[in-house]
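Breakdown of the fold
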Amino acid sequence: MMRDLVNGAACGTLATVAMSGVMVAGEKAGLMRGQPPKHIARGLLPGGKRRSKPGEGVLGAVAHLGFGAGAGAAFGLLSRGRSHRAPLAVGYALAIWVVSYSGWAPRLSQLPPIGRDDPGRPAVMAAAHVVYGVTLAFLLDRLARRRAEPVRVPQAAAPPVPVVAR
């Protein structure tokens, strides 16, 4: 159980990094303005939800990694013992996105709910969550395969047999 939690958290952190790459690409392509974790952090810090604040980018990134690690840990427990988890992980990641961006994220920040957002951000965020799910499943499956492989202990070479002259 502890191994599933730790592996899930580690894989969730790495999956969040992959997901963040999609989000950065979406922002650079002009499909969304600003990173949602930064907007959420801005809403949590004192002052108005629309004013930039010192540290919001760092706080957003740390919170995003922490959330991804936590979600990965929960998935590691929920999917324990299963192989080929990709469809389950993608559904899990998309459910996190829909629940978060239809509920608590708009309440805490200036982000609108999915249905009222600019068309670019939901498309980027859906793709980013798919990447999170696929990456999470791939990494967890890889760890499970490595754990299941038998340990190979190198055998020592047999000592040379002495030749006795007759």
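Residues numbered from 1 in each chain as written. Predicted model: local features only at pLDDT ≥ 70, side-chain atom pairs only at ≥ 80, totals over all residues. Heavy atoms only, no water.

It is worth spelling out the pattern of salt bridges at this point. Counted by the stated rule, this structure contains five salt bridges. For Arg85, the salt bridge goes to Asp141, with nearest N and O atoms at 2.8 Å. Of this pair, Arg85 sits in the loop between α3 (56-78) and α4 (86-108) while Asp141 sits in helix α5 (residues 120-148), and the two are 56 residues apart along the sequence. Each member of the pair, Arg85 together with Asp141, is buried. Note that Arg121 is salt-bridged to Asp117, the shortest N-O span being 2.7 Å. Assigned by exposure class, Arg121 and Asp117 land together as buried. (Salt bridge = Lys/Arg side-chain N within 4 Å of Asp/Glu carboxyl O. Helix = DSSP H or I, 4+ residues; strand = E, 2+ residues; numbered from the N terminus. Buried < 20%, exposed > 50% of the residue type's maximum accessible area, 1.4 Å probe, protein only.)

Another aspect to go through is the side chain of Asp4. Assignment of secondary structure puts Asp4 in helix α1 (residues 2-28). By relative accessible area, which is 12% here, Asp4 ends up buried. Ignoring any residue separated from it by four or fewer positions in sequence, one finds Asp4 in contact with Ala73, Gly76, Leu77, Arg80 and Arg147. (Contact = heavy atoms within 4.5 Å.)

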